[in-house]
Amino acid sequence: MFAHVRAAIVSLIALTIVTGIIYPLAVTGIAQTVFPSQANGSLIVKDGKVTGSALIGQPFDDPKYFWGRPSATTPFAYNAGSSSGSNLSPTNPDLVKTVQGRVDALRAADPGNTLTVPVDLVTASASGLDPHVSPAAALYQVARVAKARKLDPQAVRQLVEQHTEGRFLGLLGEPRVNVLGLNLALDGK
């Protein structure tokens, strides 16, 4: 019996060292060497200061900025420690009321805009932290941003087009615009 207990203890210690120490150190070392930006959170640095992450949405509500997808995280919006969607069904009265309020806010911020409001500007993603909007959602906001910044709408439209990322490998996913990256480019103008 002692031989079995001894073998079990040796196996536990060996597997703990391999899977709890060696493997994590190897994976971390490889990640830091091969993909340092991604391994450190895809942070965006401006003027030596971290302004955000390319992977986590941020709240923008100033008319001179492009607004991202709404967040349903709790206890506050864009809480990276609490990734979640609202989990409300499309027919839930609370969700319908929330979406209508967001549509009304977008219309109030840009009363002359008669385009259809893109769905990703009024509904949260499954994570509640999506840093991207569709090109249609970004283009919907061009007139408001151009007016607030006193810029030519065509110049702002070109900036959106420059920051539109295509499908992965040309066929996976949808075209998208990183809102933080676009807003930082706007601030550079």
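Quick summary incoming for the structure in this document. (Residues numbered from 1 in each chain as written. Predicted model: local features only at pLDDT ≥ 70, side-chain atom pairs only at ≥ 80, totals over all residues. Heavy atoms only, no water.)

Examining the pairing of strand 1 (residues 43–46)
Just so we agree on the cut-off: One requirement defines pairing of two strands: DSSP has to find at least two bridges between them. Under the DSSP-based scheme used, a helix requires at least four consecutive residues in state H or I and a strand at least two consecutive residues in state E, with every element numbered from the N terminus.
Alignment of strand 1 against strand 2 (residues 49–53), held across four bridges, turns out to be antiparallel. In the strand pairing of strand 2, Leu43 is matched with Ser53. Turn length for the strand 1-strand 2 hairpin, with the two strands adjacent in sequence and antiparallel, is two residues, and the turn residue Asp47 shows positive phi of about 55°.

Concerning the nonpolar core
Our working definition: The definition of a nonpolar core used throughout is a set of buried Ala, Val, Leu, Ile, Met, Phe, Trp, Tyr and Cys residues joined through side-chain atoms within 4.5 Å. Classification of residues uses two cut-offs on accessible area relative to the type maximum, computed with a 1.4 Å probe and protein chains only: under 20% is buried, over 50% is exposed, and between them is partly exposed.
Within the largest apolar cluster, 27 residues are counted, with the highest numbers of intra-cluster contacts made by Phe66, Leu106, Val117, Leu121, Val133 and Val160. Those elements that provide at least two residues to this core are helix 3 (93–109), helix 4 (135–140), helix 5 (142–149), helix 6 (153–162) and helix 7 (179–187). It is helix 7 that provides the largest number of residues to this core, a total of five residues.

What about the side chain of Ser42?
Heads up, the rule is: Two residues qualify as a contact provided that any one of their heavy atoms is within 4.5 Å of a heavy atom in the partner residue.
Take Ser42: it is sitting in the loop between helix 2 (36–39) and strand 1. If sequence neighbours within four positions are ignored, Ser42 has contacts with Ser37, Gly52, Ser53, Ala54 and Leu55.

A closer look at unusual backbone geometry
Going from Thr74 to Pro75, the amide bond is cis rather than trans, its omega being 0°. Structurally, Pro75 can be placed in the loop between strand 2 and helix 3. Of note, the phi angle at Ser42 is positive, near 50°, even though the residue is not glycine. With phi around 55°, Asp47 is a residue other than glycine that occupies positive phi space. Tracing the chain through its elements places Asp47 in the loop between strand 1 and strand 2.

With respect to the sheet that holds strand 5 (residues 176–178)
As a general point, the strands of a sheet are linked pairwise by backbone hydrogen bonds and lie either parallel or antiparallel. Under the convention used in this document: Each axis is a line fitted through C-alpha atoms, taken for helices only over the stretch in contact, and angles between the N-to-C directions span 0 to 180 degrees.
Spatially, 3-5-4 is the arrangement adopted by the three strands of the open sheet, whose pairing is antiparallel. Each edge of the open sheet carries a strand with a single partner, namely strand 3 (132–133) and strand 4 (164–165). Summarising the sheet, strand 3 and strand 5 pair through two bridges and their orientation is antiparallel. Bridge pairing links Val133 to Val177 in strand 5. Helix 7 rests against strand 3 and strand 5 of the sheet, and its axis sits at about 60° to strand 5.

Description of the packing of helix 5 against helix 6
To keep things clear, this is the line we draw: Oblique is the label for any angle not covered by the other classes, which are roughly parallel (under 35 degrees), roughly antiparallel (over 145) and roughly perpendicular (65 to 115). Rotating anticlockwise by less than a right angle from the far helix to the near helix defines a left-handed crossing, while the corresponding clockwise rotation defines a right-handed one. Each residue gets one of three labels, nonpolar for Ala, Val, Leu, Ile, Met, Phe, Trp, Tyr, Cys and Pro, charged for Asp, Glu, Lys and Arg, and polar for the others, Gly among them.
Two elements in contact, helix 5 and helix 6, have axes separated by 9 Å at closest approach and are oriented at 125°. One finds that helix 5 runs oblique with respect to helix 6. With respect to the hand of their crossing, helix 5 and helix 6 are arranged in right-handed fashion. Mapping the contact onto sequence places Val142, Val145 and Ala146 in helix 5 and Pro153, Val156, Arg157 and Val160 in helix 6. Taken together, the residues that form the contact of helix 5 with helix 6 break down as six nonpolar, no polar and one charged.

A look at the pattern of salt bridges
Spelled out, the test is: Salt bridges, as used here, are contacts in which a Lys or Arg side-chain nitrogen is within 4 Å of a carboxyl oxygen on Asp or Glu.
Counted according to the given criterion, the structure contains four salt bridges. Asp187 is the salt-bridge partner of Arg149, the closest N and O atoms lying 2.9 Å from each other. Here Arg149 is found in helix 5, whereas its partner Asp187 is found in helix 7, with 38 residues between them in sequence. Residues Arg167 and Glu174 are paired through a salt bridge, measuring 3.5 Å at the closest nitrogen-oxygen approach. Take Arg167: its relative accessible area is 38%, and that puts it in the partly exposed class. Residue classification places Glu174 among the exposed residues on the basis of a relative accessible area of 52%.

Interpretation in functional terms is not warranted from these geometric data alone.
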